[in-house]
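Next come the chains, spelled out residue by residue.
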Amino acid sequence: MPTNVQPSLPAGEPLPAIAVIGLGYVGCVSAACFAARGHEVVGVDVDEQKAALLRSGRSPIVEERIDEIVADVVRSGRLWITDDVRAAISATDVTLVCVGTPSAPDGSLSTAFLERACAEIGGALAAEPGWHVVVFRSTMTPGTCEGLLVPALERASGKRAGVDFGVCVNPEYLREGSSVRDFGSPPKTVVGELDPRSGDVVMGLYANVPGPRFRVPIAVAEMSKYVDNSFHALKVAYGNEIGAVCRSAGLDSHQVMDIFLADTKLNISPAYLRPGFAFGGSCLPKDLRALVDMARRRNVDIPLLAGVIPANEAHVRRAVELVVACGRRRVALMGLSFKAGTDDLRESPLVELAERLIGKGYDVRIYDANVSVSRLAGANRRHITEHLPHIGRLLTDDLADVVAHAEVFVVGSSAPEIADALAGVDDRPVVDLVRLPDASSRRGDEKYIGIGW
């Protein structure tokens, strides 16, 4: 058996038989590698040329080691190919759907192949007496599976998902050129489950596969692939824009980026990647504006970096809109400094938020235990004088007074006393900009509004 494709369960335990519908890149690699792990696999594709290649033990795709694996599993009989969906499902326990989801002309996702596959799978499930799990590996936007595909399966089968058959979403993380290695050692395994029984089956397919594992709601699994790929695209664009600016200044961009990449505490790390409120402070806005100005003066177009400040401002507007939507006039702003545990107000987005709310006529009171007008000096005092000159009558260190005043709370600090004070809040809306410790339990409460969750 090829190395790096480990058996999926201890010897002696039966392995689920797997049907793979769609034998393109993802489907071919999935079918071959699951067969190499000891599963009986039935591949399904309507392309006769592709099917003929696989039946002869040859891969229809070019990929490191895939020819050797396909030849082995076809020769051993663990992988066989058909164009008959009903026969494939009848012979298996799990179906992996790996059909394409190309872009429509307007950029939206085309679900035509998925819908066609669901009609055929549903028809086959109608004749199956046992439990079968349908697993979507195709990339699709959140809501597609539960809003479109599950109803299609139920219509075609006359059965109920989660009761008569299972449904999961299992995104793939296969890079072209290293997909066999990625299959055996993925960055993570994600299973979006409609029901726990289905999740058990699908996660069991990856027994002994290293890396973190996540069992999540289906829509979270769908979204996870888009988050990954958009970030990868963002990184490429970022690196290229930095390269263009460096070249214009006569600098070696790779030398510059070697320094950047060496920082795994802040740069290449989870730092700054948790959704929350806008950035501010004395460094990020100033330095970003200077870099964009440097590029502009050298006639270097850097739309990604130039768009970061407007994107940050849009997030402040988003917070204002959430408060306006509450329909209440007395606002408690809990937190003012740009960063928890400091009194630094320079370019704090919370100061900007307060200014905008006051400008719209809201009755605002502010609590921040670290900010005292009498102690403010230097740049902090100048910033307040310019942006929020009436702060003296707005800012208080009496948390109980702020809570009593409020008809709506805007939380810009996760200080323990703020979380404790909000725990006893009744039916007044809470706009959470920091993700309070009890945010997960508050979800579903119409009076709790998380800015990004």
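Source: prediction; values computed, not measured.

Caption draft 1: The packing of aromatic side chains, seen in detail. This structure, assessed with the given rule, holds three aromatic pairs. Aromatic side chains F34 and F183 sit 5.0 Å apart centroid to centroid with 90° between the ring planes, which places their arrangement in the edge-to-face category. In this pair, F34 sits in helix α1 (residues 25-36) while F183 sits in helix α7 (residues 179-184), placing the two residues 149 residues apart along the sequence. The same class applies to F34 as to F183, namely buried. Members of the aromatic cluster, each reached through a chain of ring pairs, are F34, F183 and Y206. In this structure, R197 packs its charged tip against the face of W131, placed 4.0 Å from the ring centre.

Caption draft 2: Region of interest: the side chain of N312. Structurally, the position occupied by N312 is in helix α13 (residues 308-326). N312 sits in the buried class, given a relative accessible area of 15%.

Caption draft 3: Geometry of the packing of α13 against helix α14 (residues 349-359). Relative to each other, α13 and α14 sit at 45°, their axes nearing to 10 Å. In terms of their interaxial angle, α13 and α14 are classed as oblique. By crossing handedness, the relation of α13 to α14 is classed as right-handed. Mapping the contact onto sequence places E313, V316, R317, A319, V320 and V323 in α13 and P349, E352, L353, R356 and L357 in α14. When the residues that make up the contact of α13 with α14 are grouped by side-chain class, the tally is seven nonpolar, no polar and four charged.

Caption draft 4: Inspection of the sheet that holds strand β11 (residues 395-396) at higher detail. Strand order in the open sheet formed by six strands is β11-β10-β9-β12-β13-β14, with parallel pairing between adjacent strands. The sheet is open, and its two edges are formed by β11 and β14 (448-450), each paired on a single side. With four bridges joining them, strand β9 (residues 330-334) and strand β12 (residues 408-411) adopt parallel strand pairing. In the sheet register, V331 faces β12, and the bridge partner there is V408. Across the face of the sheet, α14 comes into contact with β9, β10 (363-367) and β12 while running at roughly 170° to β9.

Cut-offs used in this document
- Throughout this document, residue positions are counted from 1 along each chain, in the order its sequence is written.
- The model is predicted, so local features are restricted to residues of pLDDT at least 70 and side-chain atom pairs to those at 80 or more, both for listing and for counting; the totals for chains, interfaces and linings are taken over all residues.
- Based on all heavy atoms of the structure, the side-chain values leave hydrogens and waters out of the count.
- Note on ring pairs: Phe, Tyr and Trp rings are taken, using the six-membered ring of Trp, and paired if centres are within 6.5 Å. Classes follow the plane angle, with under 30 degrees stacked, over 60 edge-to-face and the rest tilted.
- A run of H or I in DSSP becomes a helix once it reaches four residues, and a run of E becomes a strand once it reaches two; helices and strands are each numbered from the N terminus.
- Relative accessible area decides the class of each residue, using a 1.4 Å probe on protein chains only: under 20% of the type maximum gives buried, over 50% gives exposed, and in between gives partly exposed.
- The rule is short: NZ of Lys or CZ of Arg within 6 Å of the ring centre and within 35 degrees of the ring normal puts a charge over the ring.
- Working convention: axes come from line fits to C-alpha atoms, limited for helices to the stretch in contact. Angles between N-to-C directions cover 0 to 180 degrees.
- Should an angle fall under 35 degrees it is taken as roughly parallel, and over 145 as roughly antiparallel, whereas 65 to 115 is taken as roughly perpendicular and any remaining angle as oblique.
- By convention the crossing between two helices is left-handed if the near helix lies anticlockwise of the far one by an angle smaller than a right angle, and right-handed if it lies clockwise.
- Whether two residues touch is decided by their heavy atoms; if any such pair falls within 4.5 Å, the residues are in contact.
- Just so you know the grouping, Ala, Val, Leu, Ile, Met, Phe, Trp, Tyr, Cys and Pro go in nonpolar, Asp, Glu, Lys and Arg go in charged, and all remaining residues, Gly too, go in polar.
- The pairing criterion is simple: DSSP has to find at least two bridges between the two strands.

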